[in-house]
Structure formats: structure tokens, C-alpha cells
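Structural overview
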Amino acid sequence: MFEDKIKILLIEDEEFDVRRVKNTIEPFEGNVRIADIVSNGKDALEILGNSDTRFDIVIMDYQIAGGIMGEALIHKIKEIDQTIQIIVITKMTLNVTDYNFAQRLLAAGAFWYCTKYPGDIENYIYQPTDFILSIFNAYEKSKLERERDRSNQKIKNNIEEILRQKKIVGESAPIIRLRDEIGRLSQNDYNVLIRGASGTGKELVAYNIHYRSQRKFENFIIINCGSIPADLVESELFGYEKGSFTGADKRKMGLFEMAHNGTVFLDEVTELPLQSQVKLLRVIQSGEIEKIGRTEKLNVNVRVICATNKNIEEEVKAKRFREDLYYRLNVLPVFVSDLKDRKDDILLLADYFLTIMSIDMIKPKPVPDDSAKEELRRYDFPGNVRELKNVIQRLLFQDEMEISAFHVKAALGIFNLSEGMNSEIDFEKFYEKEPLTLRDMENIIREKYFRHIRKMTNSDAETARILGLAPSNYHRMAKDLGLK
Ligand SMILES: Nc1ncnc2c1ncn2[C@@H]1O[C@H](COP(=O)(O)OP(=O)(O)OP(=O)(O)O)[C@@H](O)[C@H]1O
Ligand SMILES: [Mg+2]
């Protein structure tokens, strides 16, 4: 029945009673083992706190010599290990019908208590089958509690892992302010409207609010309002009952129902059709879902976080977005600023993406030189952090260990090769009267191209590599062109 024996710590200061407890348990010693015996509370706490043995159950005499005993001892034991179960033995004369006393013990955290047999029953402390049954039950409870602790710990680890992956990187003033705001928003339960341009990190903010809030153990459901066809929005959001329309052969749970007790993230909220906006308003006002084909209301408790990169006030003015809904959603507005307005974060973000992506791609992490850093800082990133992330990915695909301004420009798409290809080269500006021989024209272009590439790089070696020349050849040719 038990893989391991149930391990008991016995706290008892009278030899006679120790013997009686042992006798009572003896017929079951295949399953139960008294792993240690101490005579006072202090020693018991010492052993529980420091021993390698994990005890399942403490059996303690209520009245023992020494300082700490009774309810105080129960509290201290539970502080050390909440899952240990405590069985208290009391003197019969004291407590046989004292319900308050029993109540106090249980409130303090005891699992069970029993009254000692009178002293003239020498062999047993209590009726053996009852005593042993309470031990088995206590053991089952400790096992359940330990399993629960383990799975709670797993969920906690998962949440920590999500927060690690959804980390908001940056030390600029707007990002520090944003992190503070997220801290406050996760302490309360109001609806939030996140605003900001595309790629600034709005979804990241929504994740951080949910997984730091009270609702973190519940679902976080992301709904992209722009990607659901208008005629399906209501059934997706609110679900339907079986048979409510042709083709409804099963009941469907809506996303709001799935998010019950958790958080719904409505991305691109202004894309919601007007008639769905009415229903959303009702959910927010009364917690009631109008499920298609259902007459009674369904109640849900969800927190709504929305995001938009549009000017939502304009949408309200143009009557594309309901004003009453706007006020309901915009209880706590959060703004995520453009990357160009927090340039100090560019290099931090670039380094962060270089680290995590090179790990993902199982590559050594390349190092940007000063010219590369300057180039990154200079750029405005109209696509914000998402664009920076893509640029870093392109840089990693270039497979260079040292990243220079040249590589950054290439990754940013600043040299637009195809554009150059399409427009004709204005050869006439290279000569005065007579057209040049091929060799002279080649030399002019070579020289200009050598200079151009050299400007983007830090060393001749790098220039040579980009030009596809061996360093010695590069040197010779540069000399021929009068560059050296
Ligand atoms: N401060 C940041 N730290 C780390 N990663 C970030 C940060 N900001 C954005 N990102 C990353 O950039 C990408 C874009 O962010 P996100 O999807 O949150 O932007 P968004 O504002 O929701 O964009 P859109 O409006 O286009 O939906 C994501 O991969 C996100 O993880
Ligand atoms: Mg988004």
C-alpha cells in the first residue's frame, strides 16, 4: 500500500507513554515507522528544521516539559513544513468532552487529537485501529498537500518563465515610467487601454499586466479584433448554443467564457464591428454575456485590456467607435512611446536581441563595433522595436563576428540595391568630351567603389572581405588606383 513507510516524529517525555505509543503502532510496523523520538518542543523543532529525514507526521503529547508546547508548538511545526500533519495526544482527565479545546487544536493546525487511555491500560495509548487509521489519513493528507504544493510551484515557475520571456527591456525614462505603471496596473482590476504605434510593445505590456496581477493563474486570452471576419466576431467572442442556427451542431464556448476569472486582451480594438461593440459594452458593464441562442444570461468575470495604434478619439468622432465603450475601456490609459523617442534603449534592445537570438540560432554572439552602434542609434526605426528585432535577425544571418556600420546599413536596407539597378548610370558625368575606354571607366568606378566601401568599414581587411578580394590583392589594386 505504501511505497515508503510513513515516517513519524514522536514528541513525548514520559517513557511509559513512549512505550504505549510504540505498542499501539507495532502491529502496523510494516507501514509505519517512528523515525525519531524527542522529549521536548525545542528538540523537535531542531530535528524538523535540520534533519535530512522528511517526516510525514508528528505525534505529540499535549503536555510536555520544557518551554514550547501545545498550540504554540503546533504553529512552529507548521511554519517549518506546512504539509506535516500533527496528531495530538492529551490526558483523558483534561479534555474528554472539551470541544473548545479540540477546536483550538484544530485551529492551530492539528490534524487530529485523541485522549490517552488511563494509566492502568499499560499496552496501548489509544485504541490501535482508530489510532492507526488517523495516521493513515494524516499521511494521505500530507501527500495531497505536497502534490498540491508541487503543482503550484510548477505553475509559479511557468509564470516566472513567461515573464522572463516577455521581459520589457529598456532603461530610458519612458520605459522606467511604463514599468512603474505596469506595477500599479497589476495591483488593481480596472480596464486598460494601451496606446502606441505599431511594434512599440503593446502586446508585451498586456502580458506583463496579466501575469503580474491577481489573475495570473487564470487564462490570458488574446483576441485580434482585426483578424476575425466581421460576421464571426460575435460567435468567437461570446459563443453559441447548439442548434441556435443552421450548422451549430455543438455548443461553442466563446473567448470571453474561456477567459472567466482571467484577462481578455482585445488587440486592435477599433476594428470591432459596431454591433459587437454594443455586446462588449454589456459584458463590461454587467459581466453578462449574450450568447447566441441562449435566453438566460451567462455571467463572467473578466478583466479587459485593449490596444490600438489608431487615434481612437478620431474613430469616436467619425462614429466608427462607440463613445460609451471608449469611456469604459479608457479607464486607465497607458502609452508606449516610439523607439525614436527613447533612443537610449536602442543599444540595450539590440544587445538583448543579439543575446537571445544567437542562443536560439546556436551561434556565437557577434559584437557590434562603435560605427555599428552609432548607425543603429542614428536610425529612426519607423517600425519601432519590431523593426529593430528584424534588423538584428538580418544581422545574425550575415554571419559576421564583428558587426560594422556597413552591416548595419545593409540590414537596415539603407543601400537599396534594386533601386540602383533600375536607374541608369549617368556615365557622361565621368568624362568631358570623348567617351572613355572600358578600362578607364572601370578604373574610375573601381576607385569610387573602393572608397565607398572603405568608408563603411573599420579596416582594410574588412573592406577586402566585402569586396571579395584577398587582402594582398586588395592592397595591390588600391595602390594601382592611387588610393595608397
Ligand atoms: N521593451 C521591449 N523589450 C523587449 N522586447 C520588446 C520590447 N518592446 C517590444 N518588444 C518586442 O518587439 C516585438 C513587437 O512588440 P509587440 O508585438 O508587443 O508590439 P505591438 O505594439 O503590439 O505592435 P502592433 O501594434 O504591431 O501589434 C515583439 O517581439 C516584442 O517582444
Ligand atoms: Mg500587437
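A few words on the overall build of the protein. The helix and strand inventory of the protein stands at 21 helices and 16 strands. In the protein, which comprises 484 residues, the proportion classed as buried is 30%. Long-range pairs, those at least 24 residues apart, make up 75% of the contacts in the protein with a sequence separation of at least 6.

This part covers the site of ligand 1. Ligand 1 sits among 16 residues. The nearest are Val169, Gly201, Lys202, Glu203 and Val385. Going through the elements one at a time, helix H8 (202–212) and helix H16 (384–397) are the ones with two or more residues in the shell around ligand 1.

Ordered in space as E7-E10-E13-E6-E14, the five strands form an open sheet in which the pairing is parallel. In the strand order of this sheet, the two ends are held by strand E7 (220–224) and strand E14 (332–336), each with one partner. Going across the sheet, the axis of each strand differs from the next one's by a mean of 20°, ignoring polarity. Two elements, strand E6 (residues 192–196) and E14, share five bridges in a ladder whose sense is parallel. Bridging from a neighbouring strand, Val192 pairs with Leu332 of E14.

Time to look at the nonpolar core. Core analysis: the biggest nonpolar cluster contains 39 residues, and Ile194, Val264 and Cys306 have the highest contact counts within it. In contact with Val264, other than residues within four places in its own chain, are Ile221, Ile223, Leu255, Phe256, Ala259, Val302 and Val304. Counting residues in hydrophobic clusters, the runner-up holds 37 residues, among them Val32, Ile84, Leu105 and Tyr126.

Overall, parallel pairing links the five strands, which are arranged E2-E1-E3-E4-E5 in an open sheet. Of all strands in the sheet, those bounded by a partner on one side alone are strand E2 (32–38) and strand E5 (112–115). For this sheet, the mean inter-axis angle between neighbouring strands, taken without regard to orientation, is 20°. Where strand E1 (residues 6–11) and strand E3 (residues 57–61) come together, four bridges link them in parallel fashion. Residue pairing for E3: Leu9 is matched across the bridge by Val58. This element, helix H2 (residues 41–50), spans E1 and E2 of the sheet and lies at about 150° to E1.

This part covers the packing of helix H15 (residues 370–378) against helix H17 (residues 405–412). The geometry of H15 relative to H17 is characterised by a closest axis approach of 7 Å and an angle of 35° between their N-to-C directions. Counted together, Ser371, Ala372, Glu374, Glu375 and Leu376 of H15 and Ala405, His407, Val408 and Lys409 of H17 form the full contact between these two elements. Classifying every residue of the contact of H15 with H17 gives four nonpolar, two polar and three charged.

The next subject is the pairing of E3. Counting buried residues in E3 gives five out of five residues, a clear majority hidden from the surface. The pairing of E3 with strand E4 (residues 85–90) spans five bridges and is parallel. Within the sheet, the bridge partner assigned to Asp61 lies in E4 and is Ile89. Note that the unit made of E3, helix H3 (residues 70–80) and E4 has a crossover that is right-handed.

As a further point, take the environment of Ala410. Positionally, Ala410 belongs in helix H17. Along the sequence, Ala410 and Asp43 sit 367 residues apart, while their C-alpha atoms lie 71 Å from each other.

All of the buried residues along H2 are Gly41, Ala44 and Leu48. Seen along its axis, H2 keeps its buried residues to an arc of 60°; they face one direction. Opposite the buried face of H2, at more than 90 degrees from it, the exposed residues are Glu46, Gly49 and Asn50. Against the buried residues of H2 lie E1, E2 and H3.

The next thing to look at is unusual backbone geometry. For Asn261, which is not glycine, the phi torsion reads 75° and is therefore positive. Structurally, Asn261 is set in the loop between helix H10 (255–258) and strand E10 (263–267). Looking at Asn261, the number of C-beta atoms within 10 Å reads 13, which means it is partly exposed. Unlike most non-glycine residues, Phe381 shows phi in positive territory, near 45°. As for its position among the elements, Phe381 is in the loop between H15 and H16.

Annotation of the protein at the domain level lists domain 1 (6–149), domain 2 (166–337), domain 3 (340–419) and domain 4 (424–480). Taking only C-alpha atoms into account, the centre of domain 1 sits 53 Å from that of domain 2.

Along the chain, the position of Asn301 falls in the loop between strand E12 (298–299) and strand E13 (303–308). Put simply, Asn301 and Ile284 are 17 residues apart on the chain and 9.0 Å apart in space, counted from C-alpha to C-alpha. When near neighbours in sequence (up to four residues on either side) are disregarded, Asn301 contacts His260, Asn261 and Gly287.

The next thing to look at is helix H6 (residues 128–165). The terminal C-alpha atoms of H6, which comprises 38 residues, lie 55 Å apart, in line with the 56 Å expected from a rise of 1.5 Å per residue. Considered for burial, the residues of H6 that qualify are Phe131, Ile135, Ala138, Tyr139 and Ser142. The elements touched by buried residues of H6 are E1, helix H1 (15–25), E2, E3, E4 and E5.

Conventions used here
Residues numbered from 1 in each chain as written. Chains lettered and ligands numbered in written order. Predicted model: local features only at pLDDT ≥ 70, side-chain atom pairs only at ≥ 80, totals over all residues. Helix = DSSP H or I, 4+ residues; strand = E, 2+ residues; numbered from the N terminus. Buried ≥ 20, exposed ≤ 12 C-beta atoms within 10 Å, placed from the backbone. Contact = placed C-beta atoms within 7 Å. Near = placed C-beta within 6 Å. Pairing = 2+ DSSP bridges. Axes fitted to C-alpha atoms, helices over the stretch in contact; angles between N-to-C directions. Core = buried A, V, L, I, M, F, W, Y, C linked by C-beta atoms within 7 Å. Nonpolar A, V, L, I, M, F, W, Y, C, P; charged D, E, K, R; others polar. Right-handed = clockwise from strand over helix to strand, strands pointing away. Arc of directions from axis to C-beta. Domains from an automatic or database assignment. Expected span 1.5 Å × (residues − 1).

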